[in-house]
Amino acid sequence: MEGRTYAADAEPGDTVTVAGWAHEIRDLGGIAFLIVRDTSGRIQVKFEKDEMDDDLVETGTDVSRESVVTVTGSVEEEPRAPTDVEIVPESVEVLAPAEPELPLDPSGKVDAELSTRLDNRTLDLRREEAKAIFEIRAEVLRGVREYFRSVGCTEINTPKIVATGTEGGTELFPITYFGREAFMNQSPQLFKQLMVGSGLERVFEIGPIFRAEEHNTPRHLNEATMIDFESAFVDHHEAMDVCEGTLRAAYEAVEENCGEQLETLGFAEEFDVPEEAFPRLTYEEAIERVNATGELDEFLGWGDDLSTEAEKALGEEIGGHYFVTDWPSEIKPFYIQDYDDDPDLSKGFDLMHPRMELVSGGQREHRYEELVAGFEQQGLDPDQFEYYTKMFKYGMPPHAGWAYGVERLVMTMLDLPNIREAVLFPRDRQRLSP
Ligand code: AMO
């Protein structure tokens, strides 16, 4: 809008036009105030009824809350105003009136259920807290992208409509593709691996993944955003170094550029960028430590996945991010490489936050014969993956990589109670719209 001034930029002495929402109207009799809110903040508009044109006063004070307005006037210093300045208006225009009954209160004075908030995300994101989460999420992605670029990665985009799954056959959403069966992709796994064998060598992707998981939990989504990394000529430990660097870069970007948002969310004093190197425990050490806590009803045995309770017990003991390495081969996917001297042990790893798993990754099997054997061991038909396995015949370098769920990264960073808080329009068992 030409000539528009953001509320936060209005300086005493200026004549400005601000545009935004009618946040609050306070009528004190002879004087009334309209608080206009825009993305930068709020500003008070003062109506002195005896001294101003009746129409102007009526337009500015009869407007319903959350209507879209523009106000033109002079900015004056006023220590009693919330931002120390106020506008003395010359004109007020209502661009889009709001119905007086709102499905939720954008001033945040009245709490709304999460489902009401998600049904009305537009109004919900007029609240500072909800808006702050998404500004921080955007900063996380910016920080991560910049970090990837600094370590020589090229950003790629791979198909989301695919012919086969990669992360276990039960979690695929089928679709019809010109009369043929197709699926929504669960992970860019195979495509990113194909790209490390291309001239690009070192790639990352930030994009949606789809999982037809039945769980309805505070940390699972059916559509999530994944940050994927894959690099030629690195092993799983070097991949973990990049993973750790990415996480730290995301926290640092937020600390540096989202001070206001952190304050809004109650982190003004205590937002900690993880400084220490993340411990790397082997799976065997991890289950020993979990068992030693005595917190579980049953001891974990070799080959068991870490249950939610196990993750919680270990998280509490370690108190920060940590890696679990060297998982049993049988609970890691076919593309993870096993140790040559112990085929029951894989070079897969997970990065854990004390509250939950954030990342899975590993060194990949780049040798054609071993790769195909791995498919067979996991009951998968290698012929279906020929487009992928074929490229391993033409010079596939040793490589490793990993993937984060963006929502889990933001959720753990901001200590959000539910992953849905970190997605604009979550997809879960119940929710398909909006
Ligand atoms: P994995 O299946 O462990 O690994 O997924 C990687 C990370 O993505 C996030 N995530 C999810 N977040 C929310 N809702 C879900 N349903 C969901 N599923 C996964 C988690 C998880 O740690 N191809 C491998 C990665 C690799 O080896 O590069 C993969 O997809 O944070």
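Residues numbered from 1 in each chain as written. Predicted model: local features only at pLDDT ≥ 70, side-chain atom pairs only at ≥ 80, totals over all residues. Heavy atoms only, no water.

A. Inspection of the domain arrangement of the protein chain at higher detail. Segmentation of the protein chain into domains returns domain 1 (7-96) and domain 2 (122-278 + 320-422). For domain 1 and domain 2, the distance between their C-alpha centres works out to 47 Å. Counting residues at the interface gives five residues for domain 1 and four residues for domain 2. Between domain 1 and domain 2 lies a buried interface of about 360 Å² when both sides are counted; carbon and sulfur atoms form 32% of it. Taken together, domain 1 and domain 2 are joined by two salt bridges. In this structure, Arg 126 and Glu 66 form a salt bridge, with 2.9 Å as the shortest nitrogen-oxygen distance. Scanning the region where domain 1 abuts domain 2 turns up two residue pairs in polar contact (both at pLDDT 80 or more). The residue makeup of the side of domain 1 that touches domain 2, split by class, is one nonpolar, one polar and three charged. (Domains from an automatic or database assignment. Contact = heavy atoms within 4.5 Å. Buried area = accessible area lost by both parts, 1.4 Å probe. Salt bridge = Lys/Arg side-chain N within 4 Å of Asp/Glu carboxyl O. Polar contact = N/O pair within 3.5 Å; in protein donor to acceptor, adjacent residues only side chain to side chain. Nonpolar A, V, L, I, M, F, W, Y, C, P; charged D, E, K, R; others polar.)

B. Spatial organisation of the layout of surface pockets. Of the pockets and cavities examined, the second largest pocket occupies roughly 650 Å³. Around the second largest pocket, the lining comprises 28 residues; the ones closest to its centre are Asp 38, Ser 40, Gly 41, Glu 128 and Lys 131. Looking at the lining of the second largest pocket residue by residue, the class counts come to nine nonpolar, eight polar and 11 charged. The residues that make up the lining of the second largest pocket include at least three from each of domain 1 (7-96) and domain 2 (122-278 + 320-422). (1 Å grid on protein atoms, 1.4 Å probe; cavity = no way out; pocket = protein on both sides within 12 Å on 5 of 7 lines; lining within 4 Å. Points joined across faces, edges and corners; volume = space filled by probe spheres on them.)

C. Main features of the pairing of strand β5 (residues 85-96). As paired elements, strand β3 (residues 41-48) and β5 share two bridges and run parallel to each other. Note on β5: the bridge partner recorded for Gln 44 is Glu 86. Both strand β4 (residues 68-77) and β5 contribute to a ladder of 10 bridges, which runs antiparallel. By the bridge assignment, Ser 74 is partnered in β5 with Val 88. (Pairing = 2+ DSSP bridges. Helix = DSSP H or I, 4+ residues; strand = E, 2+ residues; numbered from the N terminus.)

D. Quick look at the site of the ligand. Every one of the 23 residues lining the ligand counts as a neighbour, but Gln 189, Lys 192, Arg 211, Glu 357 and Ser 360 are closest to it. Take Gln 189: an N or O atom from its side chain is 2.7 Å from a nitrogen atom of the ligand. In the environment of the ligand, an oxygen atom lies 3.4 Å from a nitrogen or oxygen atom belonging to the backbone of Val 359. Protein chains bury 94% of the 620 Å² of accessible surface belonging to the ligand in isolation. Ranked by residues supplied to the shell around the ligand, first place goes to strand β17 (residues 356-363) with five residues. For the shell around the ligand, the per-class residue count stands at nine nonpolar, six polar and eight charged. (Near = heavy atom within 4 Å. Areas by Shrake-Rupley, 256 points an atom, 1.4 Å probe, with all protein chains shown as cover.)

E. Main features of the sheet that holds strand β7 (residues 161-162). Sheet architecture is open: three strands sit in the order β7-β9-β8, paired in antiparallel fashion. Looking at strand neighbours, the two that pair on one side only are β7 and β8 (173-177), the edges of this open sheet. Summarising the sheet, β8 and strand β9 (residues 180-184) pair through five bridges and their orientation is antiparallel. Following the sheet pairing, Ile 175 is matched in β9 by Ala 182.

F. Inspection of empty space enclosed by the protein at higher detail. If you walk through the whole model with that rule in mind, you get one cavity of 30 Å³ or more. Of the voids in this model, the largest cavity is the one considered here, and its volume is about 40 Å³. Val 162, Thr 164, Thr 166, Asn 185, Ser 187, Leu 190, Phe 191 and Tyr 387 are the residues that line the largest cavity. Here the lining of the largest cavity is composed, by residue class, of four nonpolar, four polar and no charged.

G. Spatial organisation of the sheet that holds β4. Taken together, the five strands give a closed barrel; going around it, the order is β1-β2-β3-β5-β4, and neighbouring strands pair in mixed fashion. Neighbouring strand axes in the sheet, compared pairwise and without regard to direction, differ in orientation by 50 degrees on average. (Axes fitted to C-alpha atoms, helices over the stretch in contact; angles between N-to-C directions.)

H. A look at the nonpolar core. Val 140, Ile 227, Leu 351, Trp 402, Tyr 404, Met 413 and Leu 414 are the most contacted members of the largest nonpolar core, which has 51 residues in total. Those elements giving two or more residues to this core turn out to be α4 (128-150), β10 (202-210), β11 (223-232), α6 (236-257), β16 (348-353), β17, β18 (399-405) and α12 (406-413). At eight residues, the largest contribution of residues to this core is made by α6. Once residues lying within four places of it in the same chain are set aside, the contact partners of Met 413 are Ile 136, Val 140, Ala 250, Tyr 251, Val 254, Phe 267 and Phe 271. Membership of the second largest hydrophobic core comes to 21 residues, among which are Val 16, Ala 32, Phe 47 and Met 52. (Core = buried A, V, L, I, M, F, W, Y, C linked by side-chain atoms within 4.5 Å. Buried < 20%, exposed > 50% of the residue type's maximum accessible area, 1.4 Å probe, protein only.)

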